[in-house]
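A structural walkthrough
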Amino acid sequence: MCPSITKNPSSTENPPARRKLIKLHGVGVKLAEKLAKLHLISVEDLLFHLPSRYQDRTRLSHIGSLYPGAEAVIAGEIVVSTILFGKRRSLVCKIQDGSGTLGLRFFHFSASQKEKLEKGCQVLCYGEVRLGSGGLEMVHPEYKTYKEVIPALDNTLTPVYPTTEGVTQHRLRDVTEQALAQLNKEKVLAEYLPLSIREQFGLSSLAEAIQFIHRPPPNIRQEDIQTGEHPSLQRLAFEELLTHHLSLLRLRYQIRQQGAPALVPQTNKLSCFLDNLSFTLTKAQQRVVNEIQQDMAKQAPMLRLVQGDVGSGKTIVAAIAALTAIDSGKQAAIMAPTEILAEQHYENFKIWFEPLGIKVAWLSGKLKGKKRQVQLDLIASGDAKAIVGTHALFQNEVKFHDLAMVTIDEQHRFGVHQRLALKEKAQATGYIPHQLIMTATPIPRTLAMSAYADLDTSVIDELPPGRTPIKTVVIENTRRHQVVERVRNACQEKKQCYWVCTLIDESEALQCQAAEDTATQLTEVLPELKIALVHGRLKSSEKAEVMARFKNGEVDLLIATTVIEVGVDVPNASVMVIENPERLGLAQLHQLRGRVGRGTVQSYCVLLYQSPLSPHGKARLGIMRESSDGFVIAEKDLELRGPGEVLGTRQTGELQFRIADLIRDEALLEQTKLAAQEIIQHHPEAIEPLVNRWLGQKEQYGQV
Ligand code: ADP
Ligand code: MG
């Protein structure tokens, strides 16, 4: 990559397009303030403020051809003009054009209007036709009177812009008209896409595309523009997706620039570790481990995403990566999104690593006082080589001795920002740790290509042998008692069960309450079972204790909130009941369901839904019943819920595009990926201005 991609070229001073709107004719302070509410500050903003739909005022319609709902331009002579005093006073005219008669109705009108719209006068009208009491009519049409010669009609479609109170369409059309005139005469909008790229991908210039979208010629299919499928909109979507991709690649470049220690194992710890396992790695695990180790042997930080379905065995892969770092004398950390999961990794890592003489440290937000200090000291002195924790690991007070490898488990809940926080951790050592990001469930390809363009990807596409596919049943809550019986029977056969109470969009407190209530009820009806409850309000030591008892088989039925969603691994558990599954996303359900089916016995997942189901809800549960493939489910989830929800970035605004739509524009992703490479190699000067145009402030995280 060319080093100049991180430079800030000096050409970012205000180009003409950054001109303030107040410079436009007819825009005073008041209007400028209102436009600012639409985020319109500069001429460029205005040019990117695209119509939401269009009106066709380019053709004259015959009155005789009108129908209710039509929007049309007609011209004719007024044959009747009267004021009616019904419920509301109104001015009513009838006009004729030889093909038929149409009413015009005005509830608000001035004396001079009444005078102008006299019998015998000729008038050109635009409006929506509706069926009134006396036949077809237009209410408050826009109109112009004329003599003999019908005034010229528009020669482009008329844009209708998204607007705010106090800014009329007329105003917006006027100011965009001025902006477009500047666009054509003064070239206010810089073209950042090199000609070679535009030619290669058949893209028009930006100015042409913008002009087209604001004032499209007649005879085009409006739907194509409205759905974003028209080449002009695709031209903009292309530039936006390209820019997004470039910003991630730049981020990657900046991180990779800082260097990392090459990590190559020095002793036989790894083979000891593998020998101690009760199983051998699957081919897919082996392949992914190789990919990781190749990255780690390099002097640039690894930035790798590991995707694998629930239960594909990602934890072992993370352990091997950690061990690779530790065996070359460095520290390795693994971070998990929830306390329960972190705790479980901690237990596993202790079992795996302590026999090899490796000390494991533990850190979570809830660890306080002296105990915390002990762990912080172990981390800072380098006595602990493996460090397990929650995002507490990122806090400033945590000083690592020589952290060289970080695994972030179940990335769904971490954003780009957390990845970047690691850069700061690097300041002390002068290098950046190698980074492995493991997803909880597979990510649809389109999202992986766009949200993780800065990462290399490995896929564990195979489950460990001997797993029996989970049977999923969908049952209405009215048959709850049958489910309870099923749980009773399963537990009596020494199987263990989860019962998950979900409430989304509700506070955690309410969730915990729901779980507590369910626990009370189930304890009453199932007195012979050992029942325990785990939820987010328990102290972490209490949570850990409950989980340990469940894992040891001392608890038959575990009632839980979605805190157990990610990662919890209790192979003997083979029944999972999920209440209100219709409220959860597919990926989340798949993740929950993945808590069972980890052993050799047949596992069941019962989706206990609340009637009535929306068609959407029905579709979702149907997919869960039919598929157990996380990759398939992820694609469906994306279709049903959209990218923001699937990645959990809706609130953070990451992956929110102005024009592009990841689902609609999937085909562009391959192209923009190629184009991004081309730009980085041959036109790096285009990156900065593109990023400023499309990402602006959002991109701050990309700065070193
Ligand atoms: P996930 O990918 O969902 O994080 P885990 O790492 O929790 O999956 O692994 C799920 C279960 O599979 C664990 O009990 C783990 O010990 C077991 N496991 C992992 N790899 C293998 C393998 N190659 N053969 C058999 N069992 C394995
Ligand atoms: Mg896991």
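Basis of the calculations
- Residues numbered from 1 in each chain as written.
- Chains lettered and ligands numbered in written order.
- Predicted model: local features only at pLDDT ≥ 70, side-chain atom pairs only at ≥ 80, totals over all residues.
- Heavy atoms only, no water.
- Core = buried A, V, L, I, M, F, W, Y, C linked by side-chain atoms within 4.5 Å.
- Buried < 20%, exposed > 50% of the residue type's maximum accessible area, 1.4 Å probe, protein only.
- Helix = DSSP H or I, 4+ residues; strand = E, 2+ residues; numbered from the N terminus.
- Pairing = 2+ DSSP bridges.
- Axes fitted to C-alpha atoms, helices over the stretch in contact; angles between N-to-C directions.
- Contact = heavy atoms within 4.5 Å.
- Polar contact = N/O pair within 3.5 Å; in protein donor to acceptor, adjacent residues only side chain to side chain.
- Parallel < 35°, antiparallel > 145°, perpendicular 65-115°, else oblique.
- Left-handed = near helix turned anticlockwise from the far one by under 90°.
- Nonpolar A, V, L, I, M, F, W, Y, C, P; charged D, E, K, R; others polar.

Okay, the nonpolar core next. Among the nonpolar cores identified, the biggest contains 135 residues, and Leu236, Phe273 and Phe353 are the most heavily contacted of them. It is helix α8 (residues 231-257) that contributes the most residues to this core, 11 residues altogether. Listed in part, the 31 residues of the second largest apolar core include Ile564, Ala573, Met576 and Leu584.

As a further point, take unusual backbone geometry. That bond from Ser611 to Pro612 is cis: its omega, -5°, falls within 30 degrees of zero. Looking at where Pro612 falls in the secondary structure, it is placed in the loop between β21 (604-609) and α20 (615-626). Its identity is not glycine, yet Glu148 carries a phi of approximately 65°, on the positive side. Among the structural elements, Glu148 can be located in the loop between β7 (142-146) and β8 (158-160).

Here six strands make up an open sheet; going across it, the order is β16-β21-β20-β17-β19-β18 and the pairing parallel. Every other strand in the sheet has two partners, leaving β16 (471-476) and β18 (531-534) as the edge strands with one partner each. The average angle at which neighbouring strand axes cross in this sheet is 20°, direction not considered. As defined by bridge partners, β16 adjoins β21 across six bridges and the pair is classed as parallel. The residue of β21 that forms the bridge with Glu476 is Tyr609. Contacts from helix α16 (residues 480-492) reach β16, β17 (496-500), β19 (557-560), β20 (573-579) and β21 within the one sheet, and its direction differs from that of β17 by about 150°.

Structurally, His244 is set in helix α8. When its relative accessible area of 11% is taken as the criterion, His244 is described as buried. Separated by 3.3 Å, the side chain of His244 and the backbone oxygen of Ser450 make a polar contact.

With that out of the way, let us pick up the packing of α8 against helix α23 (residues 666-682). Two elements in contact, α8 and α23, have axes whose closest approach is 9 Å; the angle formed by their N-to-C orientations is 55°. Of the possible angle classes, the one that applies to α8 and α23 is oblique. Considering how the two elements wind past one another, α8 and α23 form a crossing that is right-handed. Contacts between α8 and α23 pair Gln234, Ala237, Phe238, Leu241, Leu242, His245, Leu246 and Leu249 from the former with Leu668, Leu669, Gln671, Thr672, Lys673, Ala675, Ala676, Gln677, Ile679 and Ile680 from the latter. Grouping the amino acids of the contact of α8 with α23 by side-chain chemistry returns 12 nonpolar, five polar and one charged.

This part is about the side chain of Thr243. By the element assignment, Thr243 lies in helix α8. Look at Thr243 and you get buried, because its relative accessible area is 0%. Those residues in contact with Thr243, other than ones at most four positions away along the chain, are Leu690, Val691, Trp694 and Leu695.

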